[in-house]
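# Structural overview
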Amino acid sequence: MYLMRLGPVGSEKPVVRLDEQHYVDVSDTVPDFDETFFGGDGLARLGPLVAERTAAGSVQSFAGERVGAPIARPHQILCIGLNYADHAAETGMDLPTEPILFTKSPNTLVGPHDDVRLPRGSTKVDWEVELGVVIGRRASYLETEAEAREAVAGFVVVNDVSERAFQTERGGQWSKGKSAETFNPAGPWLVTPDEIDDVLDLDMWLDVSGVRRQTGSTKTMVFDPYFIVRYLSQFMVLEPGDLINTGTPPGVGMGLRPPVWLQAGDVMELGIEGLGTQRQVVVAPR
Ligand code: ZN
């Protein structure tokens with residue numbers, strides 16, 4: 001299934017995408033794609049509901065509605081750093097022996113085509129196309145990869161927008177450079193695992209104002225999504241609806257010589273094979 005949320009900021013309605021033109025509105029039955037939905041048996045009940053409505057012809061056509069992030073604001077957004085061998089090389093940092101974890105404020109989550117706003121005082125804003133993992137059930141001390149698979153609701157494209165000066169030149173941890181408002185576009189869809197042949201063989205790309213900057217594949221991930229879920233569950237409780245950004249392939253602005261940073265007016269276009277595409281306009285600080 002392809003879960004989406006359509007409508008104005010703050011009042012998105014949950015729908016299930018059938019194809020490029022059509023969706024089934026489930027908002028009368030499902031309040032939102034949130035912790036309650038994923039933590040209950042929401043996904044299991046959604047399939048039959050959508051099948052029934054499709055058979056009954058209860059199908060809508062997309063009509064230019066805003067596309068929101070496909071999940072409600074999560075309890076936490078967790079990020080894995082330097083998780084692509086070829087990206088670690090371009091940053092000049094060593095390949096980690098254990099996943100590098102940092103957090104991102106949950107209120108950074110925005111829709112896939114919303115504006116990305118430069119923070120005040122920023123000089124080094126950068127892009128990162130990533131595979132996002134959405135947690136489907138409460139997960140603590142998972143022991144096997146099979147348990148981790150059962151704990152994943154689905155996958156989503158994310159742009160882990162980053163302010164490199166805030167991240168690396170202002171002391172302490174990376175979170176300062178990751179948590180500005182609008183810094184986590186997600187979507188357009190939450191794709192359930194049954195729709196994806198091999199999550200470790202997906203092409204990914206990102207263009208800035210028409211120039212291809214990132215080209216990669218989930219093939220070069222150091223730690224795969226299920227390893228990451230099991231690993232993180234040893235340190236914290238993962239809640240239904242939580243989002244994990246699993247790292248970016250090469251081609252970020254910081255890795256270019258000389259570096260390239262986003263400016264107001266730039267357009268980011270990005271995508272992952274099978275998971276849809278995003279487009280954001282970069283806008284000036286408010
Ligand atoms: Zn990242």
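What you see is a predicted model; the values in this text were computed from it and never measured.

### Some thoughts on the layout of surface pockets
- By volume, the largest pocket is sized at about 320 Å³.
- Forming the walls of the largest pocket are 18 residues, and the residues nearest its centre are Val 9, Glu 12, Arg 73, Leu 109 and Val 110.
- Considered class by class, the residues forming the lining of the largest pocket number seven nonpolar, four polar and seven charged.
- Of the residues that make up the lining of the largest pocket, three or more belong to each of domain 1 (2-61) and domain 2 (77-283).
- Taken as a whole, the second largest pocket holds about 160 Å³ of empty space.
- Every element with two or more residues in the lining of the second largest pocket is listed here: helix H1 (35-39) and helix H2 (42-55).
- The element that contributes the greatest number of residues to the lining of the second largest pocket is H2, accounting for four residues.
- In the lining of the second largest pocket, the residues fall into five nonpolar, four polar and four charged.

### Some points on the domain arrangement of the protein
- In terms of domain boundaries, the protein breaks down into domain 1 (2-61) and domain 2 (77-283).
- A straight line from the C-alpha centre of domain 1 to that of domain 2 covers 25 Å.
- Facing the eight residues of domain 1 at the interface are 14 residues of domain 2.
- Regarding the contact of domain 1 and domain 2, the summed buried area is about 990 Å², with carbon and sulfur atoms giving 66% of it.
- Our count for the domain 1 to domain 2 interface comes out at zero salt bridges.
- Across the domain 1-domain 2 interface, the total number found is one residue pair in polar contact (both at pLDDT 80 or more).
- Sorting the residues of the side of domain 1 that touches domain 2 by element identifies strand E1 (2-6) and H1 as the ones contributing at least two each.
- Residues belonging to the side of domain 1 that touches domain 2 are distributed by class as follows: five nonpolar, one polar and two charged.

### So, the packing of aromatic side chains
- Per the counting criterion, the structure on display carries nine aromatic pairs.
- Pairing Phe 37 with Phe 38 gives two aromatic rings, centres 5.0 Å apart and planes at 80°, and the pair type is edge-to-face.
- Exposure remark for Phe 38: the relative accessible area of 4% places this residue in the buried category.
- Here the aromatic rings of Phe 155 and Tyr 226 are separated by 6.3 Å at their centres, their planes lie at 85°, and the arrangement is edge-to-face.

### So, the side chain of Arg 53
- Mapping Arg 53 onto the fold places it in helix H2.
- For Arg 53, a relative accessible area of 16% corresponds to the buried category.
- Here Asp 25 takes part through its backbone oxygen, which lies 2.8 Å from a polar atom of the side chain of Arg 53.
- Residue contacts for Arg 53: discarding those within four places in its chain leaves Val 24, Asp 25, Val 26, Asp 28, Thr 29, Ser 58 and Val 59.

### Concerning H2
- In a regular helix each residue adds 1.5 Å, so 14 residues correspond to 20 Å; H2 covers 20 Å between its end C-alpha atoms and thus fits that length.
- Within H2 the residues assigned to the buried category are Gly 42, Leu 46, Leu 49, Val 50 and Arg 53. Along the axis of H2, the buried residues cluster in a sector spanning 105°; they form a single face. Facing away from the buried side of H2 by over 90 degrees, the exposed positions are Ala 44, Pro 48, Glu 52 and Ala 55.

### Some thoughts on the pairing of E1
- Within E1, five of the five residues are buried, which leaves it mostly tucked inside the rest of the structure.
- Judged by which residues are buried, E1 turns out to be covered on both faces: Tyr 2, Met 4 and Leu 6 on one side and Leu 3 and Arg 5 on the other are all buried.
- Two elements, E1 and strand E14 (residues 190-191), share two bridges in a ladder whose sense is antiparallel. Within E14, the residue paired with Tyr 2 across the bridge is Val 191.
- The pairing of E1 with strand E2 (residues 13-17) spans five bridges and is antiparallel. Its bridge partner lying in E2, Leu 3 is registered against Val 16.
- Between E1 and E2, which pair antiparallel in sequence order, lie six residues; one of them, Gly 7, sits at a positive phi of approximately 125°.

Conventions used here
Residues numbered from 1 in each chain as written. Predicted model: local features only at pLDDT ≥ 70, side-chain atom pairs only at ≥ 80, totals over all residues. Heavy atoms only, no water. 1 Å grid on protein atoms, 1.4 Å probe; cavity = no way out; pocket = protein on both sides within 12 Å on 5 of 7 lines; lining within 4 Å. Points joined across faces, edges and corners; volume = space filled by probe spheres on them. Nonpolar A, V, L, I, M, F, W, Y, C, P; charged D, E, K, R; others polar. Domains from an automatic or database assignment. Helix = DSSP H or I, 4+ residues; strand = E, 2+ residues; numbered from the N terminus. Contact = heavy atoms within 4.5 Å. Buried area = accessible area lost by both parts, 1.4 Å probe. Salt bridge = Lys/Arg side-chain N within 4 Å of Asp/Glu carboxyl O. Polar contact = N/O pair within 3.5 Å; in protein donor to acceptor, adjacent residues only side chain to side chain. Phe/Tyr/Trp six-rings, centres within 6.5 Å; stacked < 30°, edge-to-face > 60°. Buried < 20%, exposed > 50% of the residue type's maximum accessible area, 1.4 Å probe, protein only. Expected span 1.5 Å × (residues − 1). Arc of directions from axis to C-beta. Pairing = 2+ DSSP bridges.

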